[in-house]
Amino acid sequence: MSSTPSDPDDEHDHGADPVTDRVHENSWSANLEGPEHAADRDLLVRQAIDAVEHTAAGNRVNLVAHGDHGHPEEYLSVALESAFGDAVDIGYVEQCGGGGHVVRGHV
């Protein structure tokens, strides 16, 4: 898998905690629906990339994105495909009852 460096200082500049602090050796979900994600789409995208980078090969991560930014195929899927190319299979899952969206990345 190709890697896109993420700068942890960027996340702290916005008062946001990192989405994860370890590599997940199983499938998991990353919550990107906080108020900090609603306020900053770039933060949401950076943390989504970080979540994929912290997912071990052979697993998946569900990226639960804040609904304030619209449909994730218009911004998040594009960013993930740009960052990882064919190394990660990205797919839209569904819209949540609260208005957010789930995008799944198979690593």
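About the thresholds
- Residues numbered from 1 in each chain as written.
- Predicted model: local features only at pLDDT ≥ 70, side-chain atom pairs only at ≥ 80, totals over all residues.
- Heavy atoms only, no water.
- Helix = DSSP H or I, 4+ residues; strand = E, 2+ residues; numbered from the N terminus.
- Buried < 20%, exposed > 50% of the residue type's maximum accessible area, 1.4 Å probe, protein only.
- Contact = heavy atoms within 4.5 Å.
- Areas by Shrake-Rupley, 256 points an atom, 1.4 Å probe, with all protein chains shown as cover.
- Pairing = 2+ DSSP bridges.
- Axes fitted to C-alpha atoms, helices over the stretch in contact; angles between N-to-C directions.
- Arc of directions from axis to C-beta.
- Expected span 1.5 Å × (residues − 1).
- Polar contact = N/O pair within 3.5 Å; in protein donor to acceptor, adjacent residues only side chain to side chain.

S.K.: Help me understand the overall build of the protein, please; the structure alone is not making it clear to me.
M.R.: The number of helices and strands found in the protein is four helices and four strands. The order of helices and strands in the protein, counted from the N terminus, is α-β-α-α-β-α-β-β. The proportion of buried residues among the 107 residues of the protein is 44%. Expressed as a percentage of contacts within the protein between residues at least 6 apart in sequence, the contacts between residues at least 24 apart total 67%. As displayed, the protein has an accessible area near 5500 Å², and 41% of this comes from carbon and sulfur atoms.

S.K.: Any chance you could explain the side chain of T20 here in plain terms?
M.R.: Positionally, T20 belongs in the loop between α1 (8–13) and β1 (28–32). Accessibility expressed as a relative area gives 11% for T20, which makes it buried. For T20, the contacting residues outside a window of four places in its chain are W28, D50 and H54.

S.K.: Would you take a moment to explain the sheet that holds strand β4 (residues 101–106) for this structure?
M.R.: The strands making up a sheet are joined through hydrogen bonds of the backbone, oriented either antiparallel or parallel. Strand order in the open sheet formed by four strands is β1-β2-β4-β3, and the pairing between neighbours is mixed. Both edges of this open sheet fall to β1 and β3 (89–95), since each of them pairs with a single strand only. Between one strand and the next, the sheet's axes are offset by a mean angle of 20°, whatever the strand orientation. Note that strand β2 (residues 60–65) and β4 share six bridges and pair antiparallel. By the bridge assignment, N62 is partnered in β4 with R104. The strands touched by helix α3 (residues 41–53) within the sheet are β1 and β2, with β2 carrying the most contacts at an inclination of about 165°.

S.K.: Sorry if this is basic, but what is going on with helix α4 (residues 76–84) here?
M.R.: One turn of the α-helix equals 3.6 residues, which is why residues spaced by three or four share an orientation. When we look at burial in α4, the residues that qualify are L76, S77, A79, L80, A83 and F84. Take α4 and look down its axis: the buried residues cluster within an arc of 160°, on one side only. Opposite the buried face of α4, at more than 90 degrees from it, the exposed residues are V78 and S82. Looking at the buried side of α4, the elements it contacts are α3, β2, β3 and β4. Among the residues trailing α4, G85 stands out with phi positive, at a value near 55°.

S.K.: Explanation requested: α3 in the structure shown.
M.R.: Compared with the 18 Å implied by 1.5 Å per residue over 13 residues, the 18 Å span of α3 between its first and last C-alpha is a close match. The buried fraction of α3 is high, at 10 of 13 residues. For α3, the full list of buried residues reads L43, L44, V45, Q47, A48, I49, D50, A51, V52 and E53. Backbone nitrogen of D42 and a side-chain oxygen of the N-cap are separated by 3.1 Å at the start of α3; the cap is D40.

The analysis is restricted to geometry; functional conclusions fall outside its scope.
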